[in-house]
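Structure assessment
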Amino acid sequence: LGTVRVAAVGGVATFDAWRIERAGSGYVARMSATGLTSVSTSEFAVNAAAASRLLLVAGDAQTAEAGTAVPVPPRVRVTDAFGNPATGVALTLDVIEGSGTLAAGSILTNAAGEASLPVWTLGSVIGRQQVRVSAIGLPPIVITATATAATTPLRTVVITTELVEGLTAGASPN
């Protein structure tokens, strides 16, 4: 993390500007001064700060047939101001356009600060579909997909006609 130098005043050194931005464990602080014996702290851990960012990781701008699930489940990440993952953050999911459905209305972030949306089935409306992901105290994000018309395979219909002898156009056999 580097070295911080401060001047002792009255035999006391105060480290006001010292900070650790990366959450983790096993940190040790070592202090030394010319002519004195060095000392170290016991190992300590630094926890992530409060969640401050909600980011889209994957799954935006997909296209799928109306009434089907998007191919890639959208994934979001929540971090603190220093980029550390925010674990266990409750996220609320709302379909806000397109009448689609989600397999669940809320999810939690994992140890990496990430969460994948449950199955998102697009609604029957052709065009833009949207889901809003929100967490208390954070600006929400909107994930967009496009629903397309179902693709129906072309079928070939063969019509054959047969000329019946003795009939003229518009005549019937009776």
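Position numbers for residues count from 1 along each chain, tracking the sequence in the order it is written. In keeping with the model being predicted, local features are shown solely for residues with a pLDDT of at least 70 and side-chain atom pairs are shown and tallied solely at 80 or more, while totals for entire chains, interfaces and linings include all residues. Heavy atoms throughout the structure, all of them, feed into the side-chain values; hydrogens and water do not.

Observations regarding the pattern of salt bridges
- Think of a salt bridge as a Lys or Arg side-chain nitrogen and an Asp or Glu carboxyl oxygen that are within 4 Å of each other. As enumerated under the stated definition, the model contains five salt bridges in all.
- Linking Glu114 and Arg77 is a salt bridge whose minimum nitrogen-to-oxygen distance equals 2.4 Å. Taken as a pair, Glu114 in strand β11 (residues 114-116) and Arg77 in strand β7 (residues 75-79) lie far apart in primary sequence, 37 residues in all.
- Three labels apply to residues, based on accessible area from a 1.4 Å probe with only protein chains included: buried if under 20% of the type maximum, exposed if over 50%, partly exposed otherwise in between. Its relative accessible area of 30% is what places Arg77 among the partly exposed residues.
- Ionic pairing is found between Asp94 and Arg132, a salt bridge with its closest N-O pair at 3.7 Å. With Asp94 in strand β8 (residues 90-97) and Arg132 in strand β13 (residues 127-135), this pair connects stretches of sequence that are 38 residues apart.
- Taken together, the salt bridges that share partners define one network made up of Arg75, Arg77 and Glu114. Only DSSP runs of H or I with at least four residues qualify as helices, and only runs of E with at least two residues qualify as strands; both kinds are numbered from the N terminus onward.

Here we look at the side chain of Gln62
- Here Gln62 lies in strand β6 (residues 62-65).
- Look past the residues within four positions of Gln62 in its chain and what remains in contact with it is Val70, Pro71, Val72, Pro74, Thr144, Ala145 and Thr146. It only takes one pair of heavy atoms within 4.5 Å for two residues to be counted as in contact.

Things to note about the layout of surface pockets
- Taken as a whole, the largest pocket holds about 640 Å³ of empty space.
- The definitions used throughout rest on a 1 Å grid laid over the protein atoms alone, on which a cavity is an enclosed set of points accommodating a 1.4 Å probe that cannot get out and a pocket is an open set flanked by protein within 12 Å on both sides along at least five of seven lines; lining residues are those having an atom within 4 Å of a point. Val4, Phe15, Arg30, Met31 and Ser32 are, among the 23 residues lining the largest pocket, the residues nearest its centre.
- The residue classification treats Ala, Val, Leu, Ile, Met, Phe, Trp, Tyr, Cys and Pro as nonpolar and Asp, Glu, Lys and Arg as charged. All others, Gly included, are polar. Here the residues of the lining of the largest pocket sort into 16 nonpolar, five polar and two charged. Grid points are joined across faces, edges and corners, and a volume is the space filled by probe spheres set on the points.

Re the nonpolar core
- Membership of the largest hydrophobic core comes to 23 residues, with the highest contact counts inside it found for Leu54, Val76, Leu91, Leu117, Trp120 and Val133.
- Discounting residues that sit within four places of it in the chain, Leu91 has contacts with Leu54, Val76, Val78, Gly105, Ser106, Ile107, Thr109, Ala115, Val133, Ser134 and Ala135. Throughout, nonpolar core names a set of buried Ala, Val, Leu, Ile, Met, Phe, Trp, Tyr and Cys residues whose side chains join them through atoms within 4.5 Å.

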